[in-house]
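# Structure assessment
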Amino acid sequence: MNHLLRCPVCGETFPDHGELACPDGHHGLLRAIYPEKQLTIRDEPGIFRYADWLPVQQVPRTQSGPVTFRSLEFAKEVGLSNLWIGFTGYAPHRSAFVPTCSFKELEAWPTVQRQKETGGGTLVVASAGNTGRAFAEVAGTMNQQVLLVVPKRGLERIWTSAPAENVTLIAVDGDYSDAIAVADRICELPGYIPEGGAKNVARRDGMGTVFLDAAVTIGSIPDHYVQGVGSGTGAIAAWEAALRLIADGRFGERLPRLHLAQNLPFIPLVSAWQARRREIIPEIDMPHAEEAIRAVNADVLTNRKPPYTVPGGLFDALSACGGQMYGITNAAAESAGLLFEKTEGIDPDPAAAVACAALLAAVDRGEIGEDACVLLNITGGGYKAVLEKYQVVPVETIRPGEVPACILEKSHV
Ligand SMILES: [Zn+2]
């Protein structure tokens, strides 16, 4: 039996043909409904251990996947007795072998597989950098055409562990939101399929494997979940994974509390949630957005249109789980990241460093008790180790003369 999709607005279920939205046009995040209520772990080396709860039929072979380990040294520094690290990246001493060093690769694998199974075409991905790198890596292995649109600032992050195949890379002036706008216009062309971001169940359930891996390793759903967020999709995915684990019956009955962080001074999600408002009001929640975005170190956390308001989105996740949001300065993130590297031997990326600082803040404020079971999602890291192992290759942007005329017309690249 195959999985189904369910609309959170009308409640209808229907077979998965690659939809990103309810066929009746309802505005909400579709959710995958899997026939297996109890999770069986498959004999796979990476993410597809959790294929029971991924929206794919076939399983490509990859070592890329999340790992979970108990923290001792960092936990001691933070003042916690039961801290677990969910890590996606490259750290051979932790059996972590994700060459692009980011949990975005967990999204890319099932998304590309689902795309192949539900119609093919060229997958169009807008990215601030990490998502683009992940899809570039997977496109080659999976023989899937991918078109990436990336702001020029993110170009240096688009590399692969082997020369990229099947990838077209376009760089645009502006920030992540400008890349999204160009990608949207390209998707109006025949044969170009939007990957859909948070709307794509494969992306969310791919990220949700971090939470599954943690619960399976710990033996129960953790009390607290800590992550740095741009769109908040990873937190939505953790909530959905927790709901499935509760339905499974073997991992406890309580949702985790969500502790989510953004990088000051760009913190629209923090601002809207602290007011317990379902809408993001740009003038209040992200004044001087362009200037604020330029000032943050973890620029992958700067999304101006996060899936916050939408039914099934981040506001609902925070409401269901009981959530807390934190604004973290560059300086706090940097020192927390260095502490993590010193104690755990893994260099976290700037977004993961924001999460480390949020954990320190949560413990400081008494939001997390010292014996609580805590999952810290280190969403990326291991860049130093990967450079020792691989000769990474930058992906070439296409030259203006090589941009197909139909794309130029639509996108004003
Ligand atoms: Zn509907």
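Residues numbered from 1 in each chain as written. Predicted model: local features only at pLDDT ≥ 70, side-chain atom pairs only at ≥ 80, totals over all residues. Heavy atoms only, no water.

### Concerning the coordination of the zinc ion
Surrounding the zinc ion are the protein donor atoms Cys 7 (SG), Cys 10 (SG), Cys 22 (SG) and His 26 (ND1), which sit 2.1 to 2.4 Å from the metal. Because the angles between the 4 donor atoms bound to the zinc ion fall within 102 to 121 degrees, the donor set is best described as tetrahedral. Here the donor residues of the zinc ion are spaced in sequence according to C-x2-C-x11-C-x3-H. Exposure remark for Cys 7: the relative accessible area of 1% places this residue in the buried category. (Donors = N, O, S within 2.8 Å, 3.2 Å for Na, K, Ca; no water. Tetrahedral: all angles 85-135°; square planar, octahedral: opposite > 155°, others 65-115°. Buried < 20%, exposed > 50% of the residue type's maximum accessible area, 1.4 Å probe, protein only.)

### Structural notes on the side chain of Thr 62
Here Thr 62 shows up in the loop between β3 (31–33) and β4 (67–70). A distance of 2.9 Å separates a polar side-chain atom of Thr 62 from the backbone nitrogen of Ser 64. Beyond its immediate chain neighbours, meaning those up to four positions away, Thr 62 contacts Pro 45, Gly 46, Ile 47, Phe 48 and Trp 109. (Helix = DSSP H or I, 4+ residues; strand = E, 2+ residues; numbered from the N terminus. Polar contact = N/O pair within 3.5 Å; in protein donor to acceptor, adjacent residues only side chain to side chain. Contact = heavy atoms within 4.5 Å.)

### With respect to the nonpolar core
Judged by nonpolar contacts, the single largest core of 52 residues is most densely connected at Phe 211, Leu 260, Tyr 308 and Leu 314. Contributing elements (two or more residues each) for this core: α5 (201–218), α6 (233–248), β14 (257–263), α7 (268–274), α9 (289–295) and α10 (314–321). A total of 7 residues in this core trace back to one element, the largest contributor, which is α6. Apart from the residues lying within four places of it in its own chain, the contact partners of Leu 260 are Tyr 225, Gln 227, Val 229, Ala 235, Leu 314, Leu 318, Gln 324, Met 325 and Tyr 326. Grouped together as the second largest cluster of nonpolar side chains are 39 residues, Phe 74, Val 78, Ala 353 and Val 363 included. (Core = buried A, V, L, I, M, F, W, Y, C linked by side-chain atoms within 4.5 Å.)

### So, helix α11 (residues 330–344)
Across its 15 residues, α11 extends 21 Å between first and last C-alpha, which sits within 8% of the 21 Å expected from 1.5 Å per residue. The set of residues buried in α11 consists of Ala 333, Ala 336, Gly 337, Leu 339, Phe 340, Thr 343 and Glu 344. Seen along its axis, α11 keeps its buried residues to an arc of 160 degrees; they face one direction. Every exposed residue of α11 that faces more than 90 degrees away from the buried side is listed here: Ala 331, Leu 338 and Lys 342. Positive backbone phi, at 70 degrees, marks Gly 345, one or two positions downstream of α11. (Expected span 1.5 Å × (residues − 1). Arc of directions from axis to C-beta.)

### Topic: the packing of helix α2 (residues 104–117) against α5
The interhelical angle for the contact between α2 and α5, taken along N-to-C directions, is 140 degrees, at an axis separation of 7 Å. Comparing the axis directions of α2 and α5 gives the class oblique. The two elements α2 and α5 meet at a crossing, and its hand is right-handed. For the pair α2 and α5, contact is made by Lys 104, Leu 106, Glu 107, Pro 110, Thr 111 and Arg 114 and by Val 201, Ala 202, Arg 203, Gly 206, Met 207, Thr 209 and Val 210, respectively. Considering only residue class, the contact of α2 with α5 consists of 6 nonpolar, 3 polar and 4 charged. (Axes fitted to C-alpha atoms, helices over the stretch in contact; angles between N-to-C directions. Parallel < 35°, antiparallel > 145°, perpendicular 65-115°, else oblique. Left-handed = near helix turned anticlockwise from the far one by under 90°. Nonpolar A, V, L, I, M, F, W, Y, C, P; charged D, E, K, R; others polar.)

### Let's talk about helix α4 (residues 176–186)
One turn of the α-helix equals 3.6 residues, which is why residues spaced by three or four share an orientation. Along α4, the positions that sit buried rather than exposed are Tyr 176, Ser 177, Ala 179, Val 182, Ala 183 and Ile 186. Its side-chain oxygen at 3.0 Å from the backbone nitrogen of Ser 177, Asp 175 defines the N-terminal cap of α4.

### Some details on the UniProt feature "domain: Tryptophan synthase beta chain-like PALP" (unreviewed entry) in the protein
As annotated in UniProt, the feature "domain: Tryptophan synthase beta chain-like PALP" (unreviewed entry) corresponds to residues 99–380 in the numbering used here. Structurally, residues 99–380 comprises 45% helix and 16% strand, and the distance from its first C-alpha atom to its last is 11 Å. (UniProt positions renumbered as here; feature names shortened; annotations may be inferred.)

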